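Chains, contacts and geometry: an overview
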Amino acid sequence: MSFFRSKKMKYYSLVIPRESAWVVMDQLGRLGQLHIIDYDPLLPMMNRPFANYVKRCDDALFKLNGINTLLKQFKKNLIYCNDTQKLLDKFRDIQNLRQKPGHTYFDEIELEIENKKNNIQEMSNNLQNLLDRVDSITEQKLVLEKAKEILGKSIFSQSTPHNVNDYQQLKFGQLIGVIDKEDENRFKRIMFRITKGNAWVNIVDLLPEKQHHQIKNQIDLNRVSQPRCLYVIIYPGMNDQSTMKQKLLKVCDSFCKNRIEYPNSEEAMENRLKDLNNQINETQSLIRMTKKQLEISLDELVREKNGCNCSYFEQLRLYVLKEKYLYINLNYLTMQGSIFTGYFWLPDGLEVLVEDKLRQAIQNNIDRFPTGQIQEMKPKSDILPPTYFNLNEVIIPFQEIVNTYGVPRYQEINPGIFTIITFPFLFGVMFADIAHGFLLLLTGLYVIFWKKQLSKQTDSMFNAMIPFRYILTLMGFFAFYNGLIYNDYLSISLNLFGSCYHPKNEEWERTLNCVYPFGIDPVWLASGSSLNFMNSYKMKLSVILGVTHMLFGILLKGVNNLYFRNYLDFFCEFIPQLLFMASTFGWMDFLIILKWLNVYPDKFDPSIIETMINQVLKPMDETSTPVFLNNASFQLQITQVLTIIAVLSIPWMLLPKPLILGSSQKKHKVSFSEPQYQKLVQERQGSELEIDPQQFRKDLQSAASGKSIEQSEVEHESGEIWVHQMIETIEFVLGGISNTASYLRLWALSLAHGQLAEVFYDMCIAGKLDMGGIVGGLMGGYFYIVFALLTFGVLMMMDVMECFLHALRLHWVEFQSKFYKADGYLFVGFSYNQMLSEHLKL
Amino acid sequence: MDLCVFGVDDGYAEAIIRGLRASFLTEAQYQQMKNCASIPELKSFLEETDYQNCLQADNPQIPTSILRQRLKKKLADEFEYIEAQSTGTLTKYLFHLRCRFMIDNVVNMIEGLKNKIDIEILLSNIDPLGWFPEIKNIKVLEGDDYSSLYRDVLIDTPIGVYFMKFLEESIENLHENRTLNDIQNLFREMKPEYIRTSLKKMWLEDFYSFCESELMPTSQEALLELLKFEADFKTVQVIYNSIGNRDLNTAAKIITTRKQLCPTIGNLYPDCEKVYLQAMTLDALREAVKGCDNYRDLLKDAPDPLKREEFNVQTKTLDDIMYDDECRRYALSFDGQGSYGVFYAYLKLKEQEIRNIIWLAEMISRKLAKNHPGWKKIIIPFSHLGK
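Residues numbered from 1 in each chain as written. Chains lettered and ligands numbered in written order. Predicted model: local features only at pLDDT ≥ 70, side-chain atom pairs only at ≥ 80, totals over all residues. Heavy atoms only, no water.

**With respect to the overall build of chain A**
In terms of helices and strands, chain A carries 28 helices and eleven strands. Relative to its full complement of 842 residues, chain A shows a buried share of 44%. In chain A, the proportion of contacts linking residues at least 24 apart, taken out of those at least 6 apart, comes to 80%. When the accessible surface of chain A is totalled, it reaches about 45300 Å², and 58% of it is carbon and sulfur. (Helix = DSSP H or I, 4+ residues; strand = E, 2+ residues; numbered from the N terminus. Buried < 20%, exposed > 50% of the residue type's maximum accessible area, 1.4 Å probe, protein only. Contact = heavy atoms within 4.5 Å. Areas by Shrake-Rupley, 256 points an atom, 1.4 Å probe, with all protein chains shown as cover.)

Structure (C-alpha cells):
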C-alpha cells in the first residue's frame with residue numbers, strides 16, 4: 001500500500017564513466033524514477049563540471065526568448081506541444097538517425113539557434129533601420145512643408161542690402177529643425193537667453209502619425225515614437241561667419257542632430273520635396289521586401305518539423321530545456337578522475353527497470369562505451385529517504401491539504417488517506433443544509449462529467465475547479481447528508497416521513513412508540529425551544545465527533561510506534577495518552593450517549609457538565625442526579641477509577657521516557673570512546689568556500705578527539721529531552737481540553753450557517769408571500785432574486801470558504817498534532833516528462 | 001513623535017530600501033569574486049547576484065567602463081523608482097542627493113570639453129544618477145567662458161544656484177580694479193577639480209541647511225551627524241591635499257584657496273578654522289584636529305603628503321582610510337529606523353560596492369597575482385557590523 005505509508009526507498013550509488021555520462025543520464029531521465037542527491041550541496045554551481053553546459057543552455061534559451069518576442073510581435077501563433085512522451089520518443093528517433101554521440105546534438109542545435117537568431121536579428125534590425133529612415137524622411141518632408149507655410153515666399157526674395165546699417169534692409173537668416181516635444185520650453189528659453197530676445201522662434205507640433213499611418217499598419221511593429229516639434233528660428237544677419245549664427249548652430253546641434261538645410265530658392269524646394277517623395281517610395285518597397293523575408297524565416301520556426309506535433313521553435317526550446325535539466329542533474333554527481341559518482345534514492349523494486357535502462361544505454365551508445373553501474377548502499381544514518389506516494393487525480397487535492405502543513409516523514413502513516421473522508425465529513429457537519437449541500441454536490445458532479453468540455457474553456461470558472469472536482473463532490477455530498485440529519489432545508493424542516501407529534505388541546509402530543517426514522521423531527525422547528533434543542537444536540541454531536549477524531553489520531557500514533565518499533569514511545573506516551581483521553585473526554589462522550597438513551601423522571605435529569613466537574617471537585621460524594629438511572633453508587637465507583645487513571649497517566653507521560661533515555665545514554669557513553677567514523681569537517685559554512693588550512697587542521701584534531709564533542713552533546717541532550725517531554729505533556733493535557741473545545745466550531749459554524757439561511761429566508765421570501773395581487777407577484781419575483789444572490793454570494797461562496805478553512809484547521813491542529821511528525825521531504829524524480837510538462841507553455 | 005507618522009508618507013520608500021539591503025554583496029561573494037580568473041568569469045558571477053538583469057545583454061568580455069556604467073545604471077534605476085514613490089519632503093530630499101552627481105557630471109563634461117574629447121563619448125560616460133536634460137547643452141561652452149555657460153545653460157538647472165554662487169565668489173576674490181581680461185585669465189587657469197570641490201562644498205552646505213530646516217527631528221539627527229563628518233572629511237582632505245601642492249606657491253594663496261574650499265559646517269569649522277587654515281605640514285594638521293578624537297586616530301595612519309612620490313599601491317592613502325570610516329558610519333546609519341539617513345546611506349554604500357566591483361574588475365583584467373596587496377583594498381559595506 002503506497003498511500004497509507006510512503007513507498008519504500010533504497011539508496012544506491014551510481015557510477016558512470018565520463019564518456020557515457022550523457023547517454024546514461026538521458027536514459028535515466030526517461031525513466032524518471034531517480035531522486036538524485038546533490039553530492040556536495042555547498043559547492044557553488046559555477047564550479048561544477050558541467051556548469052559551462054548549463055550556461056550554454058541558458059544562453060540558447062535567452063536567444064530563443066529573443067526570437068519569441070519577435071514571433072509575438074509578428075503575431076505568429078506557435079503550436080504548443082501537448083504530449084511530452086511523444087516528443088521525447090521523437091528526440092530519441094532523431095538521435096538514432098544521427099549515428100553520432102548523443103550529446104553532440106546539442107552543439108548542432110545551439111549552432112542552429114545562434115544562426116537563426118543572428119539571421120532574424122539582422123533582418124529585424126534592417127527593418128527597424130528602414131522604418132527609422134522612412135520616419136526621418138517623412139519628418140523632413142513634413143518640416144519642409146510646414147516651414148514653407150510659416151516662412152512664406154518672401155524668404156527667398158531677400159536681396160543683399162546696399163547699406164549694412166540700414167535696418168530696413170537687414171537680412172534674416174533662418175534655422176529649421178526638429179526637437180523632442182519635451183524639450184520645447186527649454187529650447188525657447190535658451191534661445192531667448194542666447195540671442196537676448198533678438199530672434200523669432202516658432203515651434204509647431206509635428207504629427208507624423210497621420211502621414212505614414214498606412215506603412216505603420218502594414219508593419220505591425222509597435223514602435224513608440226516620441227512626439228516631436230518643428231522649430232523655425234529667424235535671426236538677424238545672414239552671414240555664415242556671424243557669432244550669433246555659430247552659437248545658434250551649436251545650441252541647436254546640442255539639442256538634436258536633426259537640423260535641416262532650408263533650400264534657398266523655390267525651385268530647389270520643389271526638387272527637394274520631389275526627391276524626398278522618391279526616397280520614401282523606395283524605402284517603402286525595401287521595407288516590404290525585408291518584411292516578407294523575415295516572415296518567411298519566422299514561419300519556418302512556427303511550422304512543424306521532424307514529425308513532432310509542435311512548432312519547430314517549441315521543439316528547439318524543449319530540447320534545450322531537457323538538455324539543461326540533464327546537465328543540472330549531472331552536476332549533482334561528483335567527478336573522480338574519469339568517472340562520475342553520485343547517490344540516488346529509488347523506490348523499492350525498480351532496480352530491474354534501472355538496470356534495463358542502463359543496458360539500453362550501452363546499446364544506443366554508438367561508441368560502445370561501458371555503461372553506468374548501480375549498487376545498493378546503506379544510507380548514511382543522518383539522512384532520511386524522501387517521501388513518495390503514488391497519487392491519482394482523486395487523492396491529489398487531499399494529499400495537497402496534508403502537504404501544505406508538512407510532508408509526511410518517510411514511511412509514517414499518511415494522514416492524507418483519512419483526510420479523504422474526514423475532511424469532507426467535518427466540512428459537511430458545518431455546512432449542513434440539504435439544499436446548499438445538494439447544489440455543491442451538483443457543481444462537483446457537473447465538473448466531473450463535463451470535464452472534457454470544461455478543460456477547453458480556459459477562462460471558465462469551472463475550468464479552475466477541475467483539479468478539485470472530487471473533493472467538491474464529496475464535500476457537497478456530506479453537506480447534503482448532514483443537512484438531512486439536521487433536517488434543514490434553507491432553514492425549513494422537511495416533513496419527509498411524517499412527524500411523530502400532532503397538535504392536541506393547544507399542545508403537541510407525541511404518538512406512542514413513534515420514532516422519527518431519520519434526522520430531526522420537523523415538529524421541533526415549530527416549537528419555541530427549537531434553537532435550544534438544536535444547539536444542545538449539535539454541541540454534543542460535535543464533541544462526540546471531535547473526541548472520536550482525536551482518539552483515532554492517538555491510535556494512529558500507537559500504530560506508528562509499533563511500525564517503527566519504538567516501544568518506548570508506545571508504552572510511555574501512547575498508552576498514557578490514550579488512557580487520559582478515554583477516561584476524561586471518552587467518558588464524557590459515553591455519558592452523553594447514555595443520557596440520550598435514557599428517559600429521566602422530572603427534576604432528576606442529570607447535567608453532564610456538572611457530573612464532569614464534580615468528578616474532580618467532589619470525588620467522594622454521590623450525585624443526586626446520576627446519569628446511570630438509579631445507580632449513583634455504581635457511577636461514583638466508575639468516576640473514581642477513571643479520575644485516578646487520568647491523574648496517574650500525566651506523570652506516566654512525563655517521567656519514564658526521559659529517565660529511560662537518560663540511563664541508556666549513560667551506557668552508550670562508553671561505546672563512544674570506540675573509534676567511529678565521523679564527518680571530517682563538522683559544519684562547513686557557506687561562506688568559507690576556500691578551505692582554510694588552519695581550520696582544516698582543527699577539524700582533523702576534533703575528529704580525532706571525537707569523544708569530547710560527543711560527551712558534551714550528551715549532557716546537552718538530556719536537558720533538552722526533559723524540556724521537550726515537559727512541553728509534550730503539558731501540550732497534550734491542556735491540548736486535550738482546548739482541542740475538544742475547539743471541535744465546538746462544528747456546532748458554531750453550523751449554527752451560523754443556519755441562522756444566516758433563516759435570516760435570508762425570512763427577510764426575502766417569507767415576509768413577502770402575504771402580499772397579494774400583481775404587485776405582490778412582482779415584489780415576490782424581485783425578492784426572490786435578492787434571495788438567490790445572497791444565498792449564492794454569502795452562503796455558497798463565503799460560507800463554503802469559511803467552513804473549508806475551519807475543517808482545514810481541525811485537521812491540521814486538532815487531528816494531526818496527535819501523531820503526525822510532518823518533517824519529511826518530497827521525492828523529486830529526475831524525470832524529463834515531469835520537467836517538460838511544467839514548461840510546456842511559455 | 002515623528003517616528004509615529006514617518007510611515008504615513010515615507011514608509012513605502014523606506015521599505016523598498018530595506019528590501020534592497022538584501023542586494024548587497026556579502027563577504028563570501030567578494031571572496032568568490034576575488035577568485036575569478038577573468039572578466040567573463042566575473043561577469044557570469046555577477047549574473048548570479050542581484051546585478052543579473054543589467055548585465056545579461058552584454059558580451060562576456062565587458063570593458064570595465066561599460067561595466068561601471070551598467071552597475072550605475074542599475075543603482076540609478078532603483079533610485080529613480082524610489083524617487084517616484086516618494087512624496088513631499090522626501091522627494092525634495094532625494095533630489096538634493098542627486099545634485100551631487102549632477103555637479104560631478106557637469107564638471108566632468110567641462111573637463112572633457114576642455115581636453116577636446118568628443119561630446120558623444122562624454123555623454124555616454126555620464127553618471128545616470130546625475131542626469132538632467134540640460135547636460136547635453138553644455139556643449140555650448142566656448143573656451144573658458146563659464147559665465148556664459150551659466151547664463152545660457154546652467155541657469156535653469158538645479159545646480160545653477162551653486163554655479164552662480166561659485167562665479168560670484170571667484171570674481172569677488174579678484175583685486176578691486178579687475179578688468180575683463182583678469183576674469184578671463186582667472187577662468188583659464190581654473191582647474192575643473194577646483195570647480196568641483198567648491199561646487200560640492202556649496203552643495204554640502206546647502207544640503208546641510210535643508211536638512212536642518214525641513215526634516216523631522218529623527219532624520220535631522222541622523223543626517224546632520226553624517227553631514228558634519230562628511231564636511232570635516234572634506235576639510236581634512238582639502239588641507240591634506242594642499243600641503244606641499246606646487247600650484248599654490250605662496251602661503252597667502254594657500255590660505256585663501258583653503259578658505260574657499262573648506263565647508264563652513266561640521267565639527268571642526270568655527271573652532272579650529274584658524275589653526276587648520278595655517279597648517280603647512282601633516283603634523284600641524286594633526287595638531288589642528290586633535291580636538292576630535294576620531295580624526296586624530298584617522299590621521300595617525302595617513303602617509304605624509306610631502307612624500308607623495310614614495311606612494312605606491314600598498315600605501316593606504318587618506319582616501320582609503322576615510323572611505324573605510326565613512327562606510328562604517330553609513331552602515332550604522334542604514335540600520336537606523338525612521339530616518340532619511342537610510343536613503344543617503346544606501347546611495348553611499350552602493351557607490352562603495354560599485355567601486356569595489358570595478359576595482360576588482362581592474363585587478364582581474366590586469367591579471368595581478370593573488371598575493372598582490374591591491375586585492376585587499378576593498379571596503380565591504382556592512383562588514384564593520386557584527387564584529
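So that's the structure; there's more coming.
**Quick word on the packing of helix α2 (residues 27–34) of chain B against helix α18 (residues 341–365) of chain B**
Residues and elements named next belong to chain B. Where α2 contacts α18, the axes come no closer than 10 Å and their chain directions differ by 20 degrees. If you check the angle between α2 and α18, you find them roughly parallel. For the element pair α2 and α18, the recorded crossing hand is right-handed. Residue-level contacts link Y30, M33 and K34 of α2 to E353, N356, I357, L360 and I364 of α18. (Axes fitted to C-alpha atoms, helices over the stretch in contact; angles between N-to-C directions. Parallel < 35°, antiparallel > 145°, perpendicular 65-115°, else oblique. Left-handed = near helix turned anticlockwise from the far one by under 90°.)

**Remarks on the nonpolar core**
L67, Y93, F163 and F343 of chain B are the most contacted members of the largest nonpolar core, which totals 141 residues. Residue contributions to this core peak at 14 residues, all from α18 of chain B. In this structure, F163 of chain B is in contact with I110, Y146, L149, Y150, L154, I195 and L199 of chain B, ignoring residues within four places of it in sequence. Within the second largest apolar cluster, 72 residues are counted, among which are V402, V447, M465 and Y486 of chain A. (Core = buried A, V, L, I, M, F, W, Y, C linked by side-chain atoms within 4.5 Å.)

**Focus: the pattern of salt bridges**
All names here are of chain B. Under the criterion given, the structure shown has 43 salt bridges over all chains. Here K74 makes a salt bridge to E78, at a shortest N to O gap of 2.7 Å. Residue K74 and its partner E78 are located together in helix α5 (residues 64–85), separated by four residues, close to a single helical turn. Of the two residues examined, K74 and E78, each falls in the buried class. Look at the salt bridges and you will find they share partners, linking D104, E111, E193, R196 and K200 into a network. (Salt bridge = Lys/Arg side-chain N within 4 Å of Asp/Glu carboxyl O.)

**Thoughts on the interface of chain A and chain B**
At the junction of the two partners, chain A supplies 20 residues and chain B supplies 24 residues. In total, about 2000 Å² of surface goes out of reach between chain A and chain B, with carbon and sulfur atoms giving 51% of it. Among the residues of chain A in contact with chain B, M46, R186 and R193 of chain A are the three that bury the most area, contributing 30% of the side total. Our count for the chain A to chain B interface comes out at one salt bridge. Note that E47 of chain B and K55 of chain A form a salt bridge whose closest N and O atoms lie 3.6 Å from each other. If you look at where chain A meets chain B, you find zero residue pairs in polar contact (both at pLDDT 80 or more). Secondary structure elements with two or more residues in the side of chain A that touches chain B: α2 (51–73), α5 (184–195) and α8 (243–255) of chain A. Residue classes in the side of chain A that touches chain B are distributed as eight nonpolar, two polar and ten charged. (Buried area = accessible area lost by both parts, 1.4 Å probe. Polar contact = N/O pair within 3.5 Å; in protein donor to acceptor, adjacent residues only side chain to side chain. Nonpolar A, V, L, I, M, F, W, Y, C, P; charged D, E, K, R; others polar.)

**Considerations on the packing of aromatic side chains**
All names here are of chain B. For the coordinates displayed, the defined rule picks out 62 aromatic pairs over all chains. Plain terms: the ring middles of W203 and F207 are 5.3 Å apart, the flat faces sit at 15 degrees to each other, and that makes the pair stacked. Note that W203 and F207 are positioned in helix α11 (residues 192–214) at a spacing of four residues, about one turn of the helix. Exposure class is identical for W203 and F207. Each is buried. The ring centre of Y51 lies 4.8 Å from the NZ or CZ of K74, which sits over that ring. (Phe/Tyr/Trp six-rings, centres within 6.5 Å; stacked < 30°, edge-to-face > 60°. Lys NZ or Arg CZ within 6 Å of the ring centre and 35° of its normal.)

**Observations regarding the side chain of D433 of chain A**
Residue and element names in this part refer to chain A. Within the secondary structure, D433 is located in the loop between α13 (416–430) and α14 (434–449). For D433, which is buried and forms no salt bridge, the nearest opposite charge comes from K538, at a distance of 9.0 Å. Setting aside residues no more than four positions away along its own chain, D433 makes contact with F438, A479, F480, G483, D488, Y489, L490, S491, H753 and A757. (Lys, Arg positive; Asp, Glu negative; His and termini not counted.)

**Details of unusual backbone geometry**
All names here are of chain A. Of note, L490 is a non-glycine position whose phi angle comes to about 50 degrees, a positive value. Structurally, L490 can be placed in the loop between α17 (469–486) and β10 (501–504). Phi at E506 takes a positive value of approximately 70 degrees, unusual for a residue other than glycine.

**Thoughts on the sheet that holds strand β5 (residues 228–236) of chain A**
Paired through their backbone hydrogen bonds, the strands of a sheet run either parallel or antiparallel. All names here are of chain A. Strand order across the open sheet formed by four strands is β4-β5-β3-β6, with antiparallel pairing between neighbours. In this open sheet, the two strands that pair with only one neighbour each are β4 (200–206) and β6 (259–260). As paired elements, strand β3 (residues 172–180) and β5 share nine bridges and run antiparallel to each other. What sits directly across from V178, in β5, is L230. (Pairing = 2+ DSSP bridges.)

**Brief notes about the UniProt feature "coiled-coil region" (unreviewed entry) in chain A**
All names here are of chain A. The UniProt record marks residues 106–147 and 266–293 with the feature "coiled-coil region" (unreviewed entry), using the residue numbering of this structure. In residues 106–147, the share of helix is 100% and the share of strand is 0%. The end C-alpha atoms are 59 Å apart. Between the C-alpha atoms that bound residues 266–293 the distance is 41 Å, and the span itself is 100% helix and 0% strand. (UniProt positions renumbered as here; feature names shortened; annotations may be inferred.)

**A short note on the UniProt feature "transmembrane region" (unreviewed entry) in chain A**
All names here are of chain A. Annotation from UniProt places "transmembrane region" (unreviewed entry) at residues 416–449, 461–481, 539–557, 578–597, 634–655 and 773–798. What you have in residues 461–481 is 86% helix and 0% strand, and the ends, taken at the C-alpha atoms, are 26 Å apart. The span residues 773–798 is 100% helix and 0% strand, and its two end C-alpha atoms sit 36 Å from each other.

**Brief notes about the packing of α2 of chain A against helix α4 (residues 104–151) of chain A**
All names here are of chain A. As a packed pair, α2 and α4 sit with axes 10 Å apart at the nearest point and diverge in direction by 35 degrees. Judged by the twist between their axes, the crossing of α2 over α4 is left-handed. Taking contact as the criterion, the partners of R56, C57, A60, K63, L64, I67 and L70 in α2 are, on α4, F106, D107, E110, I113, E114, K117, I120 and S124. Across the contact of α2 with α4, the residue classes break down as eight nonpolar, one polar and six charged.

**Concerning a nonpolar patch on the surface**
Together, F477, Y481, L496, F497 and F518 of chain A give the surface a local cluster of nonpolar side chains, amounting to about 460 Å² of exposed area. Here Y481 of chain A is to be found in helix α17. (Patch = residues over 30% accessible without salt bridge, like charges linked within 9 Å, V, L, I, M, F, W, Y side chains within 5 Å.)

**Quick word on the state of the cysteines**
Residues and elements named next belong to chain A. Scanning all chains against the criterion turns up one disulfide over all chains. Each sulfur in the disulfide pair C500 and C514 lies 1.7 Å from the other. Between C500 and C514 the disulfide shows an S-S torsion of about -65 degrees. By sign, it is left-handed. Residue C500 is found in the loop between α17 and β10, and its partner C514 is found in the loop between β11 (507–510) and α18 (523–526); the two are separated by 14 residues along the sequence. (Disulfide = S-S within 2.5 Å.)

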